[in-house]
Amino acid sequence: MNYASILKADIANGQGFRVSLFVSGCARNCKGCFNKEAQDPAFGKPFDDKAKQKIFNELEHDWCKGLSLLGGEPLSKLSDNRKVVIELAKEIREKFPEKD
Amino acid sequence: MQLAIEIETLFKEKCAKFKKDNKLNFGVYYTPAENLCYTAMKKFKAQYGEIKNVSDHEFFTNSMHVPVWKKMTPFEKIDIEAQLTPYSSAGCITYVELDAGTVNNIQALEDLVNYAMDKDIPYFAINVPSDSCNDCGYQGEINGKCPKCGSENIQRLRRVTGYLTGNYTTAFNLGKQAEVENRVKHNGLEA
């Protein structure tokens, strides 16, 4: 899975201050898509351990309410998004049970 | 930070001495310096020229603020400024810049204000752009034309030095205008 960006202290994509992950890849091609370039599963960079660590570092802050998943399509079948995102969600649930 | 604390301590001690010697109520005030931040920089440049990280902008950063162009979260900014607010006995402010999305995220506002209070910030402000379309009444942050009706008749309210200003491109001196252009938002930064 590739991702386009990780935003910290994001207030535009959920309640409170959050960390947001914009994954790449979406086959839907909806009218009015706000991230057309991220429809390509090859857009951005590979979601590696370093990227994952960035998300964990943000979740460490008391003020960070949780993780928002955006895209692209986090559950897209164009790449292994579904598997990677579910694994990530499970790991966060375990490490940071108080976050949403 | 050590140097900043030494300077503020000096101000604080001098003030205490003036107070005692003159029996007058002196205080350390962290000024917005609306005009001075520009005229002092002009004079500084005339005398010393352009020095990197000292005089390479159109204005001096007033008070103990983190320079407005530094990209950081509101929490990092509060953590830095909270170390210097205790030295001001006569008034100071700490502010952060958020985008117009704040209106849909009251939880974020509440968490941020609570964080500032926990850090003993005496006076805290959140600056949010408030644009409105004079033709259809749309409110939010409007870049260029109104997204609802396409009008270019837009009123742009910005909070710069303690009060709201209708048109920041004409209502301020060149120094503060440059400061507004240099300001960055403290939310939604690349991690």
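Shown above is the structure to which this text applies.
For clarity, every value in this text was computed on a predicted model and none was experimentally measured.

(A) Spotlight on the interface of chain B and chain A. The partner chain A presents 14 residues to the 21 residues of chain B that form the contact. Interface of chain B and chain A: buried area, both sides summed, is about 1,500 Å²; carbon and sulfur atoms make up 62% of it. On the surface where chain B and chain A come into contact, there are 1 salt bridge. Residues Lys65 of chain A and Asp111 of chain B are paired through a salt bridge, measuring 3.0 Å at the closest nitrogen-oxygen approach. Remark: the boundary between chain B and chain A carries 10 residue pairs in polar contact (both at pLDDT 80 or more). Those elements that place two or more of their residues in the side of chain B that touches chain A are helix H3 (74–81), helix H4 (106–118) and strand E7 (189–190) of chain B. The element best represented in the side of chain B that touches chain A is H4 of chain B, accounting for 6 residues. Considering only residue class, the side of chain B that touches chain A consists of 9 nonpolar, 8 polar and 4 charged. Where strand E1 (residues 2–10) of chain A and E7 of chain B come together, 2 bridges link them in antiparallel fashion.

(B) Just the sheet that holds strand E5 (residues 154–159) of chain B, in detail. Residue and element names in this part refer to chain B. Taken together, the 4 strands give an open sheet; going across it, the order is E4-E3-E5-E6, and neighbouring strands pair in antiparallel fashion. With partners counted over all chains shown, the strands left at the sheet margins are strand E4 (139–140) and strand E6 (164–165), one partner each. Direction of pairing for E5 relative to E6: antiparallel, over a ladder of 2 bridges. Considered in E6, the bridge of Arg158 is made with Thr165.

(C) Layout of the environment of Pro41 of chain A. All names here are of chain A. Among the secondary structure elements, Pro41 is positioned in the loop between strand E2 (17–23) and strand E3 (45–46). Separated by 38 residues in the primary sequence, Pro41 and Tyr3 have C-alpha atoms spaced 8.4 Å apart. Apart from the residues lying within four places of it in its own chain, the contact partners of Pro41 are Asn2, Ser24, Gly25, Leu78 and Ser79.

Analysis parameters
- Residues numbered from 1 in each chain as written.
- Chains lettered and ligands numbered in written order.
- Predicted model: local features only at pLDDT ≥ 70, side-chain atom pairs only at ≥ 80, totals over all residues.
- Heavy atoms only, no water.
- Contact = heavy atoms within 4.5 Å.
- Buried area = accessible area lost by both parts, 1.4 Å probe.
- Salt bridge = Lys/Arg side-chain N within 4 Å of Asp/Glu carboxyl O.
- Polar contact = N/O pair within 3.5 Å; in protein donor to acceptor, adjacent residues only side chain to side chain.
- Helix = DSSP H or I, 4+ residues; strand = E, 2+ residues; numbered from the N terminus.
- Nonpolar A, V, L, I, M, F, W, Y, C, P; charged D, E, K, R; others polar.
- Pairing = 2+ DSSP bridges.

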